[in-house]
Amino acid sequence: MQLKRLFNLVIFMSTFFSAFAQIDNAVVSGIVRHAQTKELLPYVNVVVTDTDDAFLTGTITNEKGVFTIEGLSTGDYSVKVSFIGFEEQVLLLHVGRLNNFLDLGTISLAESSTELEEVTVTATRMEVASAMDKKTFAIEDNISQQGGSVLQVMQNLPGVTIDRDGKIFLRGSDKVTILIDGKQTAITGMGSQSGLDNIPASAIGSVEIIHNPSAKYDASGMAGIINIVFKKQQEFGWNGKAGLALGLGALAEKEPSLNGIRKQYRYTPKVNPSFSANYKRAKTNVFVQADFLYHKQMMKNEFTQRIYDNGEKVTQQFLENRTQPIYNIKAGIDYNPNKRNTFTFSTLYNYREYTDLGDIPYDNAIGDRVRLWQYYENEVNQTLFATITHKHSFNQPGHSLTSSFNYSFRRKDEVFNFTNKLYNPNTIGTDTTGLLADENIFDLTVDYSKPLKTGRLELGTKQRGRFFPNDIYFKPGNNSILDPTLAGSAEYREWLSALYGTYIYEHKKFELEAGLRLEYANVDYLVDPNHSVYSSTGFDYIDPFPSVRATWLINDNSRVSAFYNRRVDRPEEKELRTFPTYASPEILSMGNPNLQPQFTQSVELGFRQSWNGGYLYSAAYHRMSTNLLTKIITEVSPDEPSLNLLAEVNQNADKGQNTGVELVLNQQLGRKLRLNANGNIYRNKIGAFSIVNAYPSNVPYTGQEQTIVSGNAKINLIANFLKDTEVQITGTYLAPDIIPQGKILARYSIDAGLTKKIQNGKGELFINASDIFNTLVMRYEIDGANFKLNSDDYYETQVIRVGYQYRF
């Protein structure tokens, strides 16, 4: 009933608009034979005419009776096949929107005047304007975030929100799989969201948001997939681009610090030079890209109050200042030995190092200092991703077999040095922890595509092995607070095997894409036998993951699509990790190797219409999840509440639902102004659940059912009032939302940017500012079993950048 009402609302709000983008380069192929002898007929005339019988294009069959015609756009045609001594055959052809390639199959020419039935063929290409399963955004169009990181760019994309930990949310869920150039890599944690703030935006060409992935994609990511596409030139000869961006952040202080700690980073510098080039000849294309991003940043400035049922109150500030250099280098070669085969060899190296200086003062209810926790952290991450891809194209256009072998390696080397000053009694403690981890991933994919008379067939497989041993060591100092029974070694092992098949059927007024992915996953998490809380465990499953898309073409200007997907979210390695994080010593954070996968079923109805100067896209969706992956905070020692210590542990809650409506409006407002608006309203529901936090010793927690109506809105105004100059203003509002144990409060910000083309369009100057009015603050409210926690994080969001780039 809810879905029906939502769908009616979507149709009602979209009825007044029209038109879709169309294919303009369809390829038609076929084979001509003798009807009686079945011999292949060479040099047969094949002519394409429009509905008025006017000649458009034509060709002849080759020695093997094969013909190929390119350059057809969406529409209705007649294909006339004729040869001296044979009766002409006329086939009706409809070029639709799903495939670039269509196969007319075998056409038989008879010597007698046998009348053949007409054949109708539908072919369209999958793209944003038609299939409504993907949205693509060019990074260079996001003026207000040029010169920053990929994570900063994403916060301005329609439908995307980001929390205080840098987690990306789509339609109210953070279960989003991240791909780089269509592949999972160790840079982002094999599809998870780590490291996105360490990829310079200058390295990226576009970002794709896929809400309803086909069976070809990995089954993970219940909210969808975000594919980050690196820049890659394909023009002949030498060409490329060089640029430099400079910036300053934290220009104004949002909230002053508590007394007695290090100063907040102010006027933080940002430097981002970038260079990309390629050289293309007939059979080779060599490309290279290098980006460097150096910045200082106030990563966290969080003020927290913990109020306990026994009357105790703790006020703390968590200040973290970061200095970070990031190097990003990508290089490769495309090699085409002949027209049937293409090889691509590429490698991507990412180096990121950061040094954090942390201060956490603790004051009691009357404002007296109780404790001062300070730390120095140095972490180095080095990632290498290499891929070899081979694509074989058969004689029939669009008929191909693609195989790819990928290898990822990531080394993480982390050292924490702590100083713990207590004021009553007056003591100083020192501790050190370290982590060394090497991640290795081997990945093989094979994809087969075959055009059919009424669509396309896709088949494929994926095999992956992932091995992630890590070792954490504790070096207790004076008055140590470390628990040595939680140190040691652990190893994450994953085997994944998948088979998929997708069939695409097309008719003039109807399209159907039905796929099934069968996936087997086995994950073992091996824990040090001396660990005091956890022991080795894991999970496995073999499950089907169907995906269906049905589309009705109401007319040439509008269409409705219905989607169904079943997906899974496997716990990330860091969510299973059994070692505590002492960055905040009174709110310890720890993983849980007993986590199970989260499974989700989703349905969606989408409707889109376009018109001269704009379009409106709308969708109604409903998602149902089990084994919700989340974090739960409990007291470390409920029997000793005077200790005031909390533990945040990853857990599976029970069930959750997410139902909503999304609207995207793009409209030209006169000759000089364009509006892009996005709105998302949804109802989140988290069912009642009971869990037990194993650390330190089986602390139970029961959560009550929670429901909220939330949403977000983004407005982009792009103006071209001056020649070769573009101005962009972006406003974002995020409504309050729920999380297990509490909620996130509302937040908002305004960004702006300006670009100016110079040097005959080859050069470009830009200036931009994020969070101009310094209003973006992350606020949380948590209700625990015997405590309440309120948090306001005034981290750095205000940044001004200037830059220049030149194309050659």
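Below: a short report on this structure. No experiment lies behind these values; they were computed from the predicted model shown.

For the protein chain, the helix and strand inventory stands at four helices and 45 strands. For a compact globule of 808 residues, the expected C-alpha radius of gyration is about 28 Å, and the protein chain comes in at 29 Å, within 12% of that figure. Dimensions of the protein chain, computed from C-alpha atoms along their principal axes, come out at roughly 110 × 60 × 55 Å. Counting the 808 residues in the protein chain, one finds 54% classified as buried.

Tallied over the full model, the rule gives 37 salt bridges. For the salt bridge of Asp356 with Arg322, the shortest nitrogen-to-oxygen distance reads 2.8 Å. Separated by 34 residues along the polypeptide, Asp356 in strand β19 (residues 341–363) and Arg322 in strand β18 (residues 313–338) bring together distant segments of the chain. Note on accessibility: Asp356 and Arg322 belong to one class, buried.

A separate point is the pairing of strand β25 (residues 510–527). Of the strand pairs in this sheet, strand β24 (residues 488–507) and β25 are connected by 18 bridges, and their pairing is antiparallel. Residue pairing in the sheet places Tyr503 in a bridge with Ala514 of β25. Hairpin connection from β24 to β25: two residues lie between these consecutive antiparallel strands. Examined bridge by bridge, β25 and strand β26 (residues 537–555) share 16 bridges and lie antiparallel to one another. Bridge pairing in β26 links Gly515 to Ser547.

Within this structure, the stated rule accounts for 21 aromatic pairs. Centre to centre, the rings of Phe275 and Phe808 are 6.1 Å apart; their planes meet at 20°, and the pair counts as stacked. On the criterion of sequence distance, the pair formed by Phe275 in strand β16 (residues 268–280) and Phe808 in the segment after β45 (799–807) is long-range, its members being 533 residues apart. Relative accessible area serves as the criterion here: at 40%, Phe808 is assigned to the partly exposed category. Grouping aromatic residues by their ring pairs yields a cluster made of Phe318, Trp373, Tyr375, Phe416, Phe418, Phe474 and Tyr582. Above the face of the Phe318 ring, Lys300 is positioned so that its terminal group lies 5.4 Å from the ring centre. Positioned above the aromatic ring of Tyr615, the side-chain terminus of Arg608 is 3.5 Å from the ring centre.

How each quantity is defined
- Residues numbered from 1 in each chain as written.
- Predicted model: local features only at pLDDT ≥ 70, side-chain atom pairs only at ≥ 80, totals over all residues.
- Heavy atoms only, no water.
- Helix = DSSP H or I, 4+ residues; strand = E, 2+ residues; numbered from the N terminus.
- Rg over C-alpha atoms; globule rule 2.2 N^0.38 Å.
- Buried < 20%, exposed > 50% of the residue type's maximum accessible area, 1.4 Å probe, protein only.
- Salt bridge = Lys/Arg side-chain N within 4 Å of Asp/Glu carboxyl O.
- Pairing = 2+ DSSP bridges.
- Phe/Tyr/Trp six-rings, centres within 6.5 Å; stacked < 30°, edge-to-face > 60°.
- Lys NZ or Arg CZ within 6 Å of the ring centre and 35° of its normal.

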